[in-house]
Amino acid sequence: MTSTVPAAASLNKFEKFKAEKDGLAVKAELEHFAKIGWEAMDETDRDHRLKWMGVFFRPVTPGKFMMRMRIPNGVISSSQLRVLAGVVQRYGEDGSADITTRQNIQLRGVRIEDIPDIFSQFERVGLTSIQSGMDNVRNITGSPVAGLDADELIDTRELCQQVQDLITHKGQGNPAFTNLPRKFNIAIAGCRDNSVHAEINDIAFVPAFKDDRLGFNVLVGGFFSAKRCAAAIPMDVWVEPSQVVALCEAILIVYRDHGLRANRQKARLMWLIDEWGMERFRSRVENQLGYTLQTAAPKDEILWDKRDHIGVYPQKQAGLNYVGLHVPVGRLQATDMFDLARLAEVYGSGELRLTVEQNIIIPNVPDSRVGLLLEEPLLQRFTVEPSPLVRSLVSCTGAQFCNFALIETKNRALALIKELDAELICPQPVRIHWTGCPNSCGQPQVADIGLMGTKTRKDGKAVDGVDLYMGGKVGKDAHLGQCVQKGIPCEDLKPILVSLLIQNFGAQPRDPQVSELNSSHGAGIHITVSDDAMTG
Ligand code: SRM
Ligand code: SF4
């Protein structure tokens, strides 16, 4: 590759080990790793290169690996879900799974000795976890109700699959894209509500008409990192759906060959666009493609507020419905996964969809079967009617499994939302996103109320805390929220949230006396937010 990779002496640690041995090389060594066990493995292979296979060493739970799948467009079959359920089931209490903020699934508790067998099982049902971590392209997100939604403009399923096939060479691994300067996110929206958070992807396709032809406007450079968060900006390009894969390939090659590699905090695509300017970036991509791109359509078709798809909705196919289940903070146990696979077969067509809100949709449920599905025991827990407060809770992994975490998130988020829900009636959903550290995997900047883990001090002691974000707007005219208050001790958070929910989101105390007391505890904190923060 003709690249601007710096001289070996100036390479950072990651560039050095990638130059020594490509991450994908460990694919040929999995049997060997399984034999020798995790303790005897070369540390760089174990802690880093295995991520090219989607296998993540967890320093918090050594020997119990996490596996990150690739589920393009979040479409998964019941037989695939059953295979994933079987994987986590064999690890008993250590085994569980999470639906991720990229419409994907991660498995927990996995032992290295089982990896070869697990990969054979994946292959049998067309699943892959390849290239899902480190300097690779992440899960390709698409509209979760693609092909079902009466108002959809472009069915994104095939496009997401094709982009994944390009990047991973149909799941076999593609050395052309295993040494990017950094991680890379691609999203394809075919709907009117920007259900993929286009604005936070390195490349995003949003539907737009050009001269009566339907295609996509292209945004580039969106990302979150501990140092900087940037919304994607227009590339001033419009493409036909048939050009999507080639454009992704061209941008990835330009990024691979010219992206900045010296400092990992300045290596995401936006930093290259900053350095070059959009005109030069665009022209390099055109050179790579071999033709001139059309300029963007004057407006895109993202016209709606974002939907969360929880509930029962008629599909474009007469007599069929999709049923969106709320999965609290995306956490699944093996029994839940087996049950979901069964429900999809008994009531639907054996297919399920995942959402970036960490929930699940069962599509293709006939009108006559909806009532019976709603009576299933699992739907009492994974309900179609969560309360408005509980409904939009999202949380990253946090300290339970993630060594970057500054605080525990998922369990804390659930416990607090239950307390708030017991105390307040909220007239509308409030999107509360938790993230355990500034890496922002839980996307606090897209939330109505975003909570980012930090360490703070109280009474002279270091305690778990959060930075409070507000004003994130999703859907039409999406924009990122800002930090409005730093270092709130977690133990003081509840009255502050009570107060915010009452003042900014129209919440009412269930018992006025109790809540008055609670919110008066938070009254010392004055937070000014724009009207946008009150969209709910
Ligand atoms: Fe993330 C790293 C979990 C979505 C930004 N992310 C990590 C690691 C791999 C760190 C680690 O090795 O422990 C976390 C694994 C923890 C674990 O055991 O689960 C992790 N990220 C997640 C997930 C599972 C959060 C969730 O609970 O849903 C999401 C998996 C998505 C997927 O299926 O691929 C996840 N991460 C995101 C997002 C949100 C998104 O894509 O919409 C972001 C912000 C958007 C972005 O990337 O621009 C995000 N993760 C990061 C970063 C900061 C990247 C940067 O440029 O600095 C890191 C750290 C890094 O890459 O150095 C990171
Ligand atoms: Fe881990 Fe931080 Fe990402 Fe949460 S935000 S999963 S704590 S890296």
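Residues numbered from 1 in each chain as written. Chains lettered and ligands numbered in written order. Predicted model: local features only at pLDDT ≥ 70, side-chain atom pairs only at ≥ 80, totals over all residues. Heavy atoms only, no water.

Caption draft 1: Structural detail: the packing of helix 4 (residues 78-89) against helix 5 (residues 115-124). Their axes nearest at 10 Å, the elements helix 4 and helix 5 cross at an angle of 165 degrees. On the basis of their axis angle, the class for helix 4 and helix 5 is roughly antiparallel. You can see that helix 4 and helix 5 cross each other, and the crossing is right-handed. Mapping the contact onto sequence places Val-83, Leu-84 and Val-87 in helix 4 and Ile-118, Gln-121 and Phe-122 in helix 5. Residue classes in the contact of helix 4 with helix 5 are distributed as five nonpolar, one polar and no charged. (Axes fitted to C-alpha atoms, helices over the stretch in contact; angles between N-to-C directions. Helix = DSSP H or I, 4+ residues; strand = E, 2+ residues; numbered from the N terminus. Parallel < 35°, antiparallel > 145°, perpendicular 65-115°, else oblique. Left-handed = near helix turned anticlockwise from the far one by under 90°. Contact = heavy atoms within 4.5 Å. Nonpolar A, V, L, I, M, F, W, Y, C, P; charged D, E, K, R; others polar.)

Caption draft 2: The site of ligand 2, seen in detail. Taken together, Cys-396, Thr-397, Gly-398, Cys-402, Phe-404, Ala-405, Thr-435, Gly-436, Cys-437, Asn-439, Ser-440 and Cys-441 make up the full set of residues adjacent to ligand 2. For the shell around ligand 2, the residue count by class is six nonpolar, six polar and no charged. (Near = heavy atom within 4 Å.)

Caption draft 3: Region of the structure containing the domain arrangement of the protein. The domains assigned to the protein are domain 1 (7-289), domain 2 (311-323 + 335-386) and domain 3 (390-534). Placing a centre on the C-alpha atoms of domain 1 and another on those of domain 3 gives a separation of 29 Å. Contact with domain 3 buries area across many residues of domain 1, yet Val-60, Thr-101 and Phe-224 alone supply 31% of it, more than any other trio. Across the domain 1-domain 3 interface, the total number found is one salt bridge. (Domains from an automatic or database assignment. Buried area = accessible area lost by both parts, 1.4 Å probe. Salt bridge = Lys/Arg side-chain N within 4 Å of Asp/Glu carboxyl O.)

Caption draft 4: Structural detail: the coordination of the iron atom of ligand 1. Counting protein donors to the iron atom of ligand 1 gives just one, Cys-441 (SG), placed at 2.3 Å. Its place among the elements puts Cys-441 in the loop between strand 20 (432-435) and strand 21 (449-458). (Donors = N, O, S within 2.8 Å, 3.2 Å for Na, K, Ca; no water.)

Caption draft 5: Inspection of the pattern of salt bridges at higher detail. Counting across every chain of the model gives 45 salt bridges. With a closest N to O distance of 2.6 Å, Asp-98 and Arg-331 form a salt bridge. Here Asp-98, found in strand 4 (residues 96-99), pairs with Arg-331, found in strand 15 (residues 331-332); they are 233 residues apart in sequence, far enough to count as distant. Residue classification places Asp-98 among the buried positions, given a relative accessible area of 2%. Note that Glu-351 and Arg-353 form a salt bridge whose closest N and O atoms lie 2.5 Å from each other. Its relative accessible area of 0% is what places Arg-353 among the buried residues. Residues joined in a network through salt bridges with shared partners are Glu-15, Lys-18, Asp-135, Arg-261 and Arg-264. (Buried < 20%, exposed > 50% of the residue type's maximum accessible area, 1.4 Å probe, protein only.)

Caption draft 6: Highlighting the sheet that holds strand 17 (residues 360-366). Here we have five strands laid out as an open sheet, ordered 3-16-17-14-13, and antiparallel in their pairing. On the outer flanks of this sheet lie strand 3 (75-77) and strand 13 (311-314), each paired with one strand and no other. The mean inter-strand angle of the sheet, taken between neighbouring strand axes irrespective of direction, is 30 degrees. Sheet analysis places strand 16 (residues 351-354) next to strand 17, joined by two bridges and oriented antiparallel. Paired with Arg-353 across the two strands is Ile-361, which belongs to strand 17. (Pairing = 2+ DSSP bridges.)

Caption draft 7: Focus on the site of ligand 1. In the vicinity of ligand 1, 31 residues are found, and the nearest of them are Thr-100, Arg-108, Lys-183, Thr-397 and Cys-441. Contact between ligand 1 and Gln-443: an oxygen atom at 3.0 Å from a side-chain N or O atom of the residue. Looking at the shell around ligand 1 residue by residue, the class counts come to nine nonpolar, 13 polar and nine charged. Three or more residues apiece are contributed to the shell around ligand 1 by two domains, here domain 1 (7-289) and domain 3 (390-534). (Polar contact = N/O pair within 3.5 Å; in protein donor to acceptor, adjacent residues only side chain to side chain.)

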